[in-house]
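Here's the letter readout for the chains.
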Amino acid sequence: TQQRSFTLKIPMLGNRRRTKRKSDSGACRRSAWTYLRFAILLLALFAPLMAFMMMFDDTSNERGLQDLNTLVQQLLMKQQQQTDLNDSESLSKRGEKHNVVNSMKNDDDITSRIIQTVSCPKILIRAKEDDNFYDPNKGLESLLKRWTITQPPFWISLHKKWFDPRRWTSIYTKGEYYEKGLTDVFRKILDVDEPGLVIDVGMNIGWFLLYARAYGHDVAGIEPNPVMHVRVCESLRLNEWDKDDSIKIFPYGLGEVHEFKNITMGNNPGASSFFEENLAKRNRRKLLVEVQTLDSIADQERWTSSSFEKPIYLLKVDVEGYEKFVFEGGKRLLQTRKIQNIIMENSNEDLELTLQLFTRIYGSGYRVVALMDPNGLPYHSNVATIASANEAMRKIPQNEREGVKHDKIVSEFLRKV
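One numbering rule holds for all chains: residues counted from 1, following each sequence as written. Only residues with pLDDT of at least 70 are given local features in this predicted model, and only at 80 or more are side-chain atom pairs given and counted; all residues enter the totals for whole chains, interfaces and linings. Hydrogens are left out, water is left out, and the side-chain values use all remaining heavy atoms of the structure.

## A look at the sheet that holds strand S9 (residues 312-317)
Reading across from one edge, S5-S4-S3-S9-S10 is the order of the five strands in this open sheet, with parallel pairing throughout. Each end of this open sheet is capped by a strand with a single partner; those strands are strand S5 (247-250) and strand S10 (342-344). This sheet shows a mean twist of 10° between the axes of neighbouring strands, independent of strand direction. In short, DSSP must find at least two bridges between two strands for them to pair. Numbering of helices and strands runs from the N terminus; a helix is a DSSP stretch of H or I covering at least four residues, while a strand is a stretch of E covering at least two. Where strand S3 (residues 197-201) lies against strand S4 (residues 218-222), five bridges are found, and the strand directions are parallel. What sits directly across from Val201, in S4, is Ile222. Whether two residues touch is decided by their heavy atoms; if any such pair falls within 4.5 Å, the residues are in contact. Axis lines are fitted to C-alpha atoms, over the contacting stretch for helices. Their N-to-C directions set the angle, which ranges from 0 to 180 degrees. Contacts from helix H7 (residues 180-190) reach S3, S9 and S10 within the one sheet, and its direction differs from that of S9 by about 165°.

Given below as structure tokens:
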């Protein structure tokens, strides 16, 4: 810019010279003296500038290079700050205020790791003091909490009743979860002497995460919605589990690849899904979240390593129809066979996606033990029916490779699940 402005001044001198009267010799001498003085003045003014420009061009001048590097770094930093600001403004334009402002583009409440974890102290302060952070409980003088009637019991923090009436009615009113059958399955698996690890994908407000920790196990909770992080962090503080590093919260959705993706939310905070068609159109609200793979988290936490000796008792997956993509992104962890039990919901009615889901699970050596609704009522009460379905499903990977059509048992099984 400096060099360009210097060049533009040269034609001005030429124009000025051409406008002078040349008929008078005295005038010419005065003009020559005027130009000589003007040239000396120019040299005095621009000598420092020319020296400065030469310093930047001279690669042997170390100080000049350092100054140039500093200038470039400052420009890059300003450019990155502006890019971050533009990203934030772009996010704010994609959805309603309370859905987007809590997106993972703001990492003030995240620790600096490759796969990041939620910092409870930071997100609790942010939820309280940041007016742009949406929390249905903002402004309450005390927590909405309940001591559960489970064995073992624990404290749990809840959303306001209007925001999450289903969990309020079951937990705050009765002290227990409405998915009683699933809670009982957790009890049977986790009531053991040796502490292990539980992985909760789709943790919501953390009922199963907290229940597993009450049994003395470490827990990894994976959930993309920041308002859920607030409730879980409040619960950890209530139970004094916030300082022993026994629980890690990963602020992501899980999928087949790393990406940024809109998750759609509705009236039920527990029914958020990457499939927007799963929710009533009039209630849809979108939140842009970061999606990681289960394997990327497992690799960082060394769950896939032979040096990780702690038993992984349970993997729970409840992601409103996106299960197939979660397991595709966690195939290496599955193939280690370290996970002793898998509990998952399958709400996807696409038979092809369901077939791919069970092909991955069966191909990793797992079998169905029970099919039940959230209250524990079985879809198949006949053990022989499950056994025959398992035998048929066991052949799925081979049938896929050989192009063999699946028999009626498999089709019936897929419809049931």
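The rest of the description comes next.
## Notes on H7
Buried residues are those whose accessible area, probed at 1.4 Å on protein chains only, stays under 20% of the maximum for their type, while exposed residues exceed 50% and partly exposed ones sit between those limits. Considered for burial, the residues of H7 that qualify are Gly181, Leu182, Thr183, Phe186, Ile189 and Leu190. In this fold, the buried residues of H7 make contact with S3, helix H8 (207-214), S9 and S10.

## Observations concerning the pattern of salt bridges
Throughout this description, the term salt bridge denotes a Lys or Arg side-chain nitrogen within 4 Å of a carboxyl oxygen of Asp or Glu. Throughout the structure, instances matching the rule amount to 15 salt bridges. With its nearest N and O atoms 2.6 Å apart, the salt bridge here joins Arg187 to Asp184. Separated by three residues within a single helix, Arg187 and Asp184 lie in helix H7, roughly one turn from each other. Across the pair Asp200 and Lys316 runs a salt bridge whose closest N-O atoms are separated by 2.8 Å. Of this pair, Asp200 sits in strand S3 while Lys316 sits in strand S9, and the two are 116 residues apart along the sequence. In this structure, Asp200 and Lys316 share a single accessibility class: buried.

## Topic: the side chain of Asp200
For Asp200, a relative accessible area of 1% gives the class buried. Among residues more than four places away in sequence, those in contact with Asp200 are Phe208, Leu209, Ala220, Gly221, Ile222 and Lys316.

## Concerning the packing of aromatic side chains
Aromatic rings from Phe, Tyr and Trp, taking only the six-membered ring of Trp, are treated as a pair when their centres fall within 6.5 Å; an angle between ring planes under 30 degrees marks them as stacked, one over 60 as edge-to-face, and anything in between as tilted. Inspection of the entire model under this criterion finds 13 aromatic pairs. Pairwise contacts between aromatic rings join Phe154, Tyr177, Tyr178, Phe186, Trp207, Phe208, Tyr211 and Tyr215 into one cluster. We count a charge as sitting over a ring when the NZ of a lysine or the CZ of an arginine lies within 6 Å of the ring centre and within 35 degrees of the ring normal. Between the NZ or CZ atom of Lys145 and the centre of the ring of Trp155, over which it lies, the distance is 4.9 Å. Of note, Arg166 hangs over the ring of Tyr178, and the distance from its end group to the ring centre comes to 5.2 Å.

## Brief notes about the state of the cysteines
In this description, the term disulfide denotes a pair of cysteine sulfurs within 2.5 Å. Scanning the entire structure with this criterion turns up one disulfide. Linked covalently through their sulfurs, Cys120 and Cys233 form a disulfide whose S-S length is 2.0 Å. Taking the sign of the S-S torsion, about -75° here, the bridge from Cys120 to Cys233 comes out left-handed. One end of the pair, Cys120, is in helix H5 (residues 120-129); the other, Cys233, is in helix H9 (residues 226-238), with 113 residues separating them in the sequence. An identical accessibility class is assigned to Cys120 and Cys233; each is buried.

## Section: the sheet that holds strand S6 (residues 253-254)
In spatial order, the strands read S6-S8-S7; together these three strands make up an open sheet with mixed pairing. Two strands close off the open sheet at either side, each with one partner strand: S6 and strand S7 (259-265). Summarising the sheet, S6 and strand S8 (residues 285-292) pair through two bridges and their orientation is parallel. Pairing of Gly253 across the sheet is with Val291, part of S8.

## Here's the deal with the packing of H5 against H9
Interaxial distance between H5 and H9 falls to 9 Å at its minimum, and their mutual angle equals 115°. Between H5 and H9 the crossing geometry is left-handed. Of the residues in H9, those in contact with Cys120, Pro121, Ile123, Leu124 and Ala127 of H5 are Pro226, His229, Val230, Cys233, Glu234, Leu236 and Arg237. In this scheme the handedness of a crossing depends on how the near helix is turned from the far one: anticlockwise by less than a right angle means left-handed, clockwise means right-handed.

## What to know about the environment of Arg187
What makes Arg187 partly exposed here is its relative accessible area of 32%. Taking the C-alpha atoms as reference points, Arg187 and Tyr211, 24 residues apart in sequence, are found 8.6 Å from one another. Here Asp184 takes part through its side chain, which lies 2.6 Å from a polar atom of the side chain of Arg187. Two N or O atoms count as a polar contact when they lie within 3.5 Å, although within protein this holds only if one can serve as hydrogen donor and the other as acceptor, and sequence-adjacent residues are included solely when both atoms are side-chain atoms.

## Some words on the environment of Leu197
Take Leu197: it is sitting in strand S3. Under the relative-accessibility criterion, Leu197 is labelled buried at 5%. Considering only alpha carbons, one finds Leu197 and Leu315, 118 residues apart in sequence, at a separation of 9.0 Å. When near neighbours in sequence (up to four residues on either side) are disregarded, Leu197 contacts Asp218, Val219, Ala220, Trp303, Phe308, Lys310, Pro311, Ile312, Tyr313 and Leu314.

## Quick notes on the confidence of the model for the protein
Overall, the prediction assigns the protein a mean pLDDT of 76, with 66% of residues at 70 or greater. Confidence scores labelled pLDDT are given residue by residue by the predictor and lie between 0 and 100. The model gives residues 1-24 a pLDDT under 50, and that stretch makes 14 contacts with residues more than four places away or in other chains.

## Some thoughts on the layout of surface pockets
Think of a 1 Å grid over just the protein atoms. A cavity is a set of points where a 1.4 Å probe fits yet cannot get out, a pocket is an open set with protein on both sides within 12 Å along at least five of seven lines, and lining residues have an atom within 4 Å of a point. Grid points are joined across faces, edges and corners, and a volume is the space filled by probe spheres set on the points. As a volume, the largest pocket reaches approximately 1,200 Å³. The wall of the largest pocket is formed by 40 residues, among which Ile343, Met344, Ala370, Leu371 and Met372 lie closest to the centre. If you list the elements that add at least two residues to the lining of the largest pocket, you get H7, S9, S10, helix H13 (351-363) and helix H16 (408-416). Of the residues forming the lining of the largest pocket, the biggest block, six residues, is contributed by H7. Reported here for the second largest pocket is a volume of approximately 500 Å³. For the second largest pocket, the lining is made up of 37 residues, of which Gly202, Asn204, Gly270, Asp318 and Glu320 are closest to its centre. Of all elements in the fold, only helix H6 (165-174), H8 and S6 reach the threshold of two or more residues within the lining of the second largest pocket. Residues are grouped as follows: Ala, Val, Leu, Ile, Met, Phe, Trp, Tyr, Cys and Pro are nonpolar; Asp, Glu, Lys and Arg are charged; all remaining types, including Gly, are polar. Residues that form the lining of the second largest pocket fall into these classes: 20 nonpolar, nine polar and eight charged.

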